[in-house]
Each structure stands twice: as structure tokens, then as C-alpha cells.
Amino acid sequence: MNFDFSEEQTQLRDALGKLLDRSAGFDARKELIRAGQSHSPKLWRQLAELGALAVALPEDLGGTGGTAVDTMIVCEALGRRLVLEPYVASAVVGAGLLAHAGSAAQKAELLPKLAEGQHLCALAHGERAARYHLPHLTTSARRDGDSYVLHGDKHVVLGGDSAHTLIVSARTSGGAEDRQGHTLLLVDAAAPGLTRRAYRTQDNLGAADVELRAVRVPVSAVLGEVGAGLPAVEDAVGLGMAALCAEAVGAMAVMIELTADYVKTRKQFGVAIGQFQALQHRLADMLMRLEQARSMTYLAASTLASGGPSVGANAGGGEGGDAGGARQRVLSAAKAMVGQCGRFVGQGAIQLHGGIGMTEEAQVSHYFKRVTAIDLTFGDADHHVAKVSDALLR
């Protein structure tokens, strides 16, 4: 099997690396945080000009027609620089959901704007009582003539603080845990009755809690088929999981580099602590965990890139019996492995840095926060280990 990138993918990686090294250093990140900005509009435009926002979108709608492997390349580069931009929330999950479920008119209206960096969108699906269980949904959408009226609350909407359009999931039928009855609607973030409480997560990315109180949207705002939106959400979350795995791999690689540099210069008993065999072994273990995570990330991206039945193809939940279930197992296995490896690498990096590693001044502490947040997004390692084991026992 050939794991080499194509010439175009290599060019994308190199060009993106040069852009981010020039415009998205750690000092620039600290300045954005101090200024209370969720991301840099200038950098977002530069990413659009480079084509990074359009790598997985259809060519006829402003994209480059790439695959999840191209997205992986972008996200690993973003993870290495610890950027604040809502790339996974808007360019991967939001845009992927629109490309998968949107009508021709919806795609034509929104996808070119997303690719050009003129528009941001975010999926508003998670609710406080749901934890990682995607079928759980209590937000309601009641049909009223030519409109739907929305009531409910959405919790930790990633990128929701800066999104222009929210893709809101609401129940049009069934009970709170039913797979059927999920309907997706495009909602203007400035719509009457919609309130956002914006905040920063522990890793300093932007998010928001969203209240929907009698928010009225036209029937034309429905994304996909009424009552059948959950498989599209599962597919979009699958894309997000693979992208986050790649971002975590980039962040882990930098943590190891920072730690290796530190132990070469930090002296104890008159010698650099990097000469102590126990610390060398720990660094070697960290590097092996990184390569394990990288391998699973490549598998997840290549599995998505190969096409075939979607993650949500088996609406009945029998994940062990079809290709859609096999795809979900790969994604869950990758997410679990990356979460476990990220914890090991991050804890090792902090330990080898000593007390300085716990401070805000140390870059490694920020990378560990980001990797920890990635583990908790779309299901932590324990959640996905359980999903894989349950599927194998069916």
C-alpha cells in the first residue's frame, strides 16, 4: 500500500506550512486571545486564498474536489501551529454537512461563500443531557404554515460564537432517543428569538451555547429530508473525528519536539537531563505512541476517502453487519487510539518539562490542553472503546 502523498498534496502541505509559520505563530495566537478574538479574519482569508477551506468541496461549487486525506493534511498543519481558527467546525463539519444533505439551491448559495472565507457555519446539535449520544434530541421544530418554529437549547456549539449560519437539528417527530424524527434547518445566527452565549473553551477556541425561543424559519431552510437528518449528522461528525485526529497528531509531534529540545538544555547534576537513560526511554515511548496515532489517523482518512456506505447508513443501529458499521468502527478505533496516545504524550511532555510545563508561558501546556479537548470532542477514548467493543460483540 502506498502512503506517499501526491504531488498536489505535497504542494498543499508545504504552502500551508509556510503560510502558517509566517502568520500563525504562538505569539500571534497569544495576541488574539488577549484581544478577545476567536480567530484572525486575515488568516482565514489567506487560508481561503490558498484553497484550504475548499479542499473537500465539489469543484463545481468553488471547491477543489479533494478527499478526507487532503483535509487530514490541512488539519495536521493546523495542529502543529495550534491555530484558533474554527476550521473543523466550519470548513469540515458544517461545509461537509451542507455538501452531503443540502439542496442544489442551498449548496449554490452557501458553499462558494464558505470556500472563499466569506461565511462561517456551525452544527448546533449537542444538548446538555446528550453527552456523546447523537440520537438524543429534544429541541423541537413545529410546522406552522410555510414555516417551522424552533424551541430548545444547544450546548457547546463549536465555532458557534462566530458562525453566520447555524445548522440546527430539531425533532419533528418521535421521542428524545429515537433515531427517526431529526430534521436539520439552516438558521441565521441573527434570527429573532435566537440567543448566543459566546465563550472560550479551555483550549481557547470559540464556542457558544444557543437558546432558541420561537425562532421561525421558512420551510425552504430544511436541509435534506424532514425527519431523516441523523445519518447526515453522523457522517459530518465522522468527518470531524478524522480531522481532529489529524490535528491531534500535529500537536503531539510538536509536544515531542519541544520536550526533546528542553531535555537537551535543562541541566541537573551538571549534565543535560536528556542524557539520563530513563528520560530517553520515555521520549522513545512518546514517539511510538505518536506513530500509533498517526497510523490510525491515516487509516481513518483513507477509509473516508474510499467512499462507500456512510457511517449512518444502518439506521437500525446494527453497526457490525455492513460497510457503514465497519466504517464507524474504524473511526471510533482511530478516535480512541488518538485520545489515549495524546494523553500519554501530553502527560510525558509535562512531566519531563517539570513545573514550567504547567505554566501559561510554556507552549507545551497549551498543546496539551488542545489535545485533551480534542479527546473530549465527539466522544472521548472510553466512549469510542465501548463503541468498538459493543460492535464486535454483536
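Our subject in this report is the structure included herewith.

The rules behind these values
- Numbers given to residues run from 1 along each chain, matching the order in which its sequence is written.
- Residue-level local features of this predicted model are given only where pLDDT is at least 70; pairs of side-chain atoms are given and counted only at 80 or more, and the full residue set underlies all totals for whole chains, interfaces and linings.
- Water and hydrogen atoms play no part in the side-chain values, which are based on all heavy atoms of the structure.
- Secondary structure elements are defined from DSSP: runs of H or I of at least 4 residues count as helices, runs of E of at least 2 residues count as strands, and each element is numbered from the N terminus.
- Only the C-alpha atoms count toward the radius of gyration. The rule for a globule is 2.2 Å times the residue count to the power 0.38.
- Three exposure classes are used, based on accessible area relative to the maximum for each residue type with a 1.4 Å probe and protein chains only: buried under 20%, partly exposed in between, and exposed over 50%.
- Should any heavy atoms of two residues lie within 4.5 Å, those residues are considered in contact.
- Throughout, the Shrake-Rupley method with a 1.4 Å probe supplies accessible areas, and for residues the shown protein chains are the sole cover considered.
- Two residue types count as positive, namely Lys and Arg, and two as negative, namely Asp and Glu; His and chain ends fall outside the count.
- A charge is said to be at NZ when it belongs to Lys, at CZ for Arg, at CG for Asp and at CD for Glu.
- By definition, two strands form a pair when at least two bridges between them are found by DSSP.
- By this rule, a helix spans an expected 1.5 Å times one less than how many residues it contains.
- Should a side-chain nitrogen of Lys or Arg be within 4 Å of a carboxyl oxygen of Asp or Glu, the pair is scored as a salt bridge.

1. Observations concerning the overall build of the protein
Helices and strands together make up the secondary structure of the protein, namely 11 helices and 10 strands. What you see for the protein is a C-alpha radius of gyration of 21 Å, in line with the 21 Å of a compact globule of 394 residues. Relative to its 394 residues, the protein shows a buried fraction of 54%. For the protein, the proportion of contacts with a sequence separation of at least 24, taken over those separated by at least 6, is 73%. On the protein, roughly 17100 Å² of surface is accessible, and the fraction owed to carbon and sulfur atoms is 53%. Across the protein, the mean location of the 38 positive side-chain charges is 5 Å away from that of the 42 negative side-chain charges.

2. Considering the pairing of strand E4 (residues 165–171)
With respect to burial, E4 is a largely interior element, seven of its seven residues being buried. The alternating pattern of E4 places Thr-165, Ile-167, Ser-169 and Arg-171 on one face and Leu-166, Val-168 and Ala-170 on the opposite face, and all of these are buried. Here strand E1 (residues 121–124) runs beside E4; their pairing, made up of four bridges, is parallel. Its bridge partner lying in E4, Cys-121 is registered against Thr-165.

3. A look at helix H10 (residues 363–376)
Helix length check: H10 (14 residues) gives 21 Å between terminal C-alpha atoms against 20 Å at 1.5 Å per residue, within 8%. Counting buried positions over the 14 residues of H10 gives 10, a clear majority of the element. Just beyond H10, the residue with positive phi is Phe-378, at close to 60°.

4. A short note on the pattern of salt bridges
A side chain of one charge can pair with a side chain of the opposite charge if their charged atoms are brought near each other. Taken as a whole, this structure holds 17 salt bridges when the rule is applied. The partner of Glu-127 in a salt bridge is Lys-154, and the shortest N-O contact between them spans 3.2 Å. Of this pair, Glu-127 sits in the loop between E1 and strand E2 (140–144) while Lys-154 is found in strand E3 (residues 147–158), placing the two residues 27 residues apart along the sequence. You can call Lys-154 buried: its relative accessible area is 3%. Of the charged contacts, one joins Asp-203 and Arg-370 as a salt bridge, the two residues approaching to 2.6 Å between their closest N and O atoms. Pair noted here: Asp-203 is in the loop between strand E6 (194–200) and strand E7 (206–218) and Arg-370 is in helix H10, with a separation of 167 residues, a long-range link. On the accessibility criterion, Arg-370 (8% relative accessible area) is buried. Put simply, Glu-76, Glu-291 and Arg-294 are held in one network by salt bridges that share partners.

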